[in-house]
Every structure is written in C-alpha cells, then in structure tokens.
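Each chain is listed here by its residues.
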Amino acid sequence: MKKIVIVGGGIAGMGIANTLADKLKGKAEITVINKEDFYFAGPSRPLILTGEQNYHRIIRGYENVGVKGIKLVVGNVYKVDPDNRKVYVSESTFGNKDSVLDYDYLVLTPGIVFDGSKITGYDKFWWKNTTVYDPGRVNVLKERLWSQNEGSVIVYAPKAPYRCAPAPTETTLLAHTVLTHRGVRQKFNIIHIDANDKTQPPFIMDIVKQTYEKAGIQLVTNQEITEIGEDYVVTSSGEKYKYTILAMLEPNRAPKFIDEAGLGKGYVDIRSPQDLRHPKYDDVLSAGDAAKLPFPKNQEIAFESAMFAANKILEMEGVSEKVPVQYAFVGWAYMGNLEGKLETLSLQFQMDLTTQPPKPTKDPQLKRDYTLQKDRWEQAYLEKLFGYKAI
C-alpha cells in the first residue's frame, strides 16, 4: 500500500486528500499533517470586521474526513529529507510526539508564512499590527475599528504574489464601512499603501480607484513599508505616515523547511502549472500558495492546482480516470458599503488562465448579491472538503 503524506490541511491539501481517498480506495494510506487540529477558511475573513461573518461558519474540524480513511497528524513539519523520503514533525499540544513519517509520495501544501523580519522595528512593534489573514489578528483589528474614535488607518499590501490579492483593498473599504457606520469616519484618514504599481488584482484597479475616490481614501502605490514605529511607518521613498490603526500584510514566503530541503527559494519549485512535481523528484509535488505558480494565490488556484497534483499521482499509479480541472474561475472582491450599512457590496470578476495572455473580465456594478454568492461558494467548498455544514 502506497504511503501518501500531505503537508498542510487547507483547501489544496484537503482537495488532494479527498480526491486520492476516493480514487485510490484501499490502495493508499493518506496522511495529512497540519499545524492545528482545525482549518480557518480565508475568503470571507474580512467580513468578520463588519459582523457579516461569524467564526463558527468558517472553522472546520477534520474528524469527518476520517470516515474516508484519511489520517491526521497535528504538528509542525520542521524538516523534509527528499533523498530518503522522510518528513520530520514536532510535538503538538494535540498529543502527538515528535515523529518521522516515511512516504512514497509527498505533497507540499503548507500555505505561506507572513514574514516581517526585514522591516525595521517589526520585532519591537509587531503588536501594533493587525491583518484579516488569521483568526486572532482579524479579531484585534475589528476591536480597534469599533472602539477608536479618531486617527489614521493604514492598510498595506506587499509585493505580489501574496495570499488573496484583493484582501488589502477589502480591508480598506470595510474599515471605511465600519467607521462610517459608527459616525466617526470624518475623524479618520484612511491610507492604502501598496508596494505594487496597482492594487491587486490589477484588472479591477479602475473600479477600486473610483470607489476609493468616492470614499475619500488615499492610495499610495509603488512604495514598500521599510520601517514600523509605535505610531508611524516609513516607506521606501522616505515618507513617514502616522497611524492609530495599522493593518499591514507582511511579505509572504513558504516555510523555511522548503528552502532548507533544497526544494525552492521562497516557494516550492515545480515543473509546470499542470505538472506539479518538483523538477528533481518525481515523488515530491506541491500545490496551493506554497507552489511557485505564475498565478494569483487564492482559494480557486489552490484547489485547481491540487486537482492537477492529484491527477499526476493517479497517472503515476496507473489510474486512467482523472478529475476535470482547468485554471479558470469566478471570483469576488468585497467593496464595502460607502453609506456605512453593514451590508457589503462586491465586485464579480472572472479569470481565464487557460489562454495566453489570460483573459480577465468583470462586472463594474457592485452588488449585494455577489457577496451572498461568495458566501454560498465558500460554504460549498468547506462542506465538500471537510464533510459537514456549519450549523
């Protein structure tokens, strides 16, 4: 029986685990290693700020996937030895001791690390920062937006690629929504600093710019934050911006064990977007945010790349039946509510990456129904991958 080890239990990891459990039933032992015993979904996290999303709806446990025979190991992977097919996992609070797992196939889907270590002052003033990207910090950002009554909000996007391209824009506009709803918006400056020449994804930048102008939001592009102080940030041009609320997304990278194992600098090297194997190792594959894909880092790409990775393993195992897959998707970006109603409007866009150059399209009309569509889409993914609906 083949041993398949998947590092990371997010959308990509669970997409692969479920697919292989179905297609290789009784022929493979599938183990998912995750740093926590739960998964916290990403796409709708910004709506926690307005109270339109609740934690219980986007958190899933792994227990129901055990029905398919998928095993879960909770702990941190700190070393991979691809020459000897071994994965080293540290002890976790879930009761698992230090362990070494052997594999026939290794799939790396650990997501990314937020790394602010190159920003001067980050080690001292890390606690001033918040983001919408993880459970604790989005909650802190919500508390600050709902409790402070005047000052400046700074939102920052690092150089692409980073996880969930529209998230900094979404954070900016939802901050405007909350402050307007509270009746204190006129007492705040809101500044979006972006290290890219356009807000991401670039093809919706015109709508974002128009919405920012209506909301009175300042946009600063082509500027990286290089320093953080107790109440200010400094950009690469030397400009200093004061803040009372900071929502700075740190630069993204894959976990260090990837680099230390010689599997890639920054992200995991792959052969192509359709062949997710490592260039040197047929038995090491990657998918999702950690893979060096020429695409945005989002849930749709994570899932589609996972299906390509699963298909490649099925092919190597002599299974002719594949799952359908292509790099094309419909997405939504939260655009807040300029009137301060806690009823977020969204922009719908499509991205067809099967053509070169890619063909993006969008509906310039912001609609409440698009926000609801995004919620249904996210819930459907979670039910499919984790085996149950939120109650």
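Residues numbered from 1 in each chain as written. Predicted model: local features only at pLDDT ≥ 70, side-chain atom pairs only at ≥ 80, totals over all residues. Heavy atoms only, no water.

A. Empty space enclosed by the protein, seen in detail. According to the stated counting rule, one finds 2 cavities of 30 Å³ or more in the structure shown. In terms of lining residues, the largest cavity is bounded by Thr 131, Val 132, Tyr 133, Val 155, Tyr 156, Ala 167, Pro 168, Thr 171, Ala 247, Met 248 and Leu 249. Residue assignment for the lining of the largest cavity shows that the elements contributing at least two residues are strand 12 (151-157), helix 5 (167-182) and strand 18 (245-248). Among the elements that take part in the lining of the largest cavity, helix 5 stands out by supplying 3 residues, more than any other. For the lining of the largest cavity, the residue count by class is 9 nonpolar, 2 polar and no charged. (1 Å grid on protein atoms, 1.4 Å probe; cavity = no way out; pocket = protein on both sides within 12 Å on 5 of 7 lines; lining within 4 Å. Points joined across faces, edges and corners; volume = space filled by probe spheres on them. Helix = DSSP H or I, 4+ residues; strand = E, 2+ residues; numbered from the N terminus. Nonpolar A, V, L, I, M, F, W, Y, C, P; charged D, E, K, R; others polar.)

B. Molecular detail of the nonpolar core. Counting residues in hydrophobic clusters, the biggest one holds 88 residues, and the most contacted among them are Ile 4, Leu 20, Ile 30, Leu 145 and Val 153. Top contributing element to this core by residue count: helix 8 (residues 299-316), with 10 residues. Looking at which domains feed residues into this core, each of domain 1 (2-35 + 75-112 + 254-324) and domain 2 (114-252) gives three or more. With 23 residues, the next largest nonpolar core counts Val 7, Ala 254, Val 284 and Ala 290 among its residues. (Core = buried A, V, L, I, M, F, W, Y, C linked by side-chain atoms within 4.5 Å. Buried < 20%, exposed > 50% of the residue type's maximum accessible area, 1.4 Å probe, protein only. Domains from an automatic or database assignment.)

C. Spatial organisation of the sheet that holds strand 23 (residues 359-367). The 3 strands lie next to each other as 21-22-23, forming an open sheet whose pairing is antiparallel. Where the open sheet ends on each side, the last strands, each with one partner, are strand 21 (328-334) and strand 23. Looking at each pair of strands side by side, their axes are set apart by 15° on average, direction ignored. Its contacts with the sheet place helix 9 (residues 368-386) against strand 21, strand 22 (346-352) and strand 23, and it is angled at close to 120° to strand 23. (Pairing = 2+ DSSP bridges. Axes fitted to C-alpha atoms, helices over the stretch in contact; angles between N-to-C directions. Contact = heavy atoms within 4.5 Å.)

D. The arrangement of the domain arrangement of the protein in detail. In terms of domains, the protein is made up of domain 1 (2-35 + 75-112 + 254-324) and domain 2 (114-252). One C-alpha centre belongs to domain 1, the other to domain 2, and the line joining them spans 32 Å. Between domain 1 and domain 2, the buried area comes to about 600 Å², and carbon and sulfur atoms account for 55% of it. Of all residues in domain 1, the largest losses of buried area upon contact with domain 2 belong to Ile 112, Tyr 267 and Lys 297, amounting jointly to 74% of the total for that side. Where domain 1 packs against domain 2, one counts 1 salt bridge. Arg 163 is the partner of Asp 289 in a salt bridge, and the nearest nitrogen-oxygen pair spans 2.9 Å. (Buried area = accessible area lost by both parts, 1.4 Å probe. Salt bridge = Lys/Arg side-chain N within 4 Å of Asp/Glu carboxyl O.)

E. A look at the pairing of strand 13 (residues 188-194). With respect to burial, strand 13 is a largely interior element, 6 of its 7 residues being buried. As paired elements, strand 12 and strand 13 share 7 bridges and run parallel to each other. The residue of strand 13 that forms the bridge with Ile 154 is Ile 191. For the segment spanning strand 12, helix 5 and strand 13, crossover handedness is right-handed. Where strand 13 meets strand 14 (residues 218-220), 3 bridges bridge the pair, whose relative direction is parallel. Residue pairing for strand 14: Ile 191 is matched across the bridge by Gln 218. Between strand 13 and its parallel partner strand 14, the chain crosses via helix 6 (residues 205-215), and the hand of that crossover is right-handed. (Right-handed = clockwise from strand over helix to strand, strands pointing away.)

F. Structural view of the packing of helix 8 against helix 9. At a closest axis distance of 12 Å, the pairing of helix 8 and helix 9 adopts a crossing angle of 35°. Crossing of helix 8 over helix 9 shows left-handed handedness. On helix 9, the residues that touch Gln 299, Glu 300 and Phe 303 of helix 8 are Trp 377, Tyr 381, Lys 384 and Leu 385. Among the residues forming the contact of helix 8 with helix 9, the class breakdown is 4 nonpolar, 1 polar and 2 charged. (Left-handed = near helix turned anticlockwise from the far one by under 90°.)

G. Molecular detail of helix 5. For helix 5, built from 16 residues, the straight-helix expectation of 22 Å at 1.5 Å per residue is met to within 8% by its first-to-last C-alpha distance of 22 Å. Within helix 5, 13 of the 16 residues are buried, which leaves it mostly tucked inside the rest of the structure. (Expected span 1.5 Å × (residues − 1).)

H. How the structure looks around the layout of surface pockets. In this structure, the second largest pocket spans a volume of roughly 340 Å³. Looking at the second largest pocket, it is lined by 15 residues, and the ones nearest its centre are Asp 115, Lys 118, Glu 224, Pro 251 and Asn 252. Elements that contribute at least two residues to the lining of the second largest pocket include exactly strand 15 (225-228) and strand 19 (252-253). When the residues that make up the lining of the second largest pocket are grouped by side-chain class, the tally is 7 nonpolar, 3 polar and 5 charged.

I. Structural detail: the packing of helix 5 against helix 6. Running from N to C, helix 5 and helix 6 point in directions that differ by 25°, and their axes come no closer than 11 Å. As the angle between them shows, helix 5 and helix 6 are arranged roughly parallel. When the axes of helix 5 and helix 6 are compared, the crossing they make is left-handed. For the pair helix 5 and helix 6, contact is made by Thr 169, Thr 172, Leu 173 and His 176 and by Val 208, Thr 211, Tyr 212 and Ala 215, respectively. In terms of residue class, the contact of helix 5 with helix 6 is made up of 4 nonpolar, 4 polar and no charged. (Parallel < 35°, antiparallel > 145°, perpendicular 65-115°, else oblique.)

J. Spotlight on the packing of aromatic side chains. For the structure on display, the rule yields 11 aromatic pairs. Considering the side-chain rings of Phe 303 and Tyr 381, the 5.2 Å spacing of their centres and the 80° angle between planes classify their relative orientation as edge-to-face. Of this pair, Phe 303 sits in helix 8 while Tyr 381 is found in helix 9, placing the two residues 78 residues apart along the sequence. The buried category is assigned to Tyr 381, whose relative accessible area is 13%. In this structure an aromatic cluster arises from ring pairing among Phe 303, Trp 332, Trp 377 and Tyr 381. Taking the ring centre of Tyr 388 as reference, the NZ or CZ of Arg 60 above it sits at 5.4 Å. Sitting over the face of the ring of Tyr 267, Lys 297 holds its NZ or CZ atom 4.1 Å from the ring centroid. (Phe/Tyr/Trp six-rings, centres within 6.5 Å; stacked < 30°, edge-to-face > 60°. Lys NZ or Arg CZ within 6 Å of the ring centre and 35° of its normal.)

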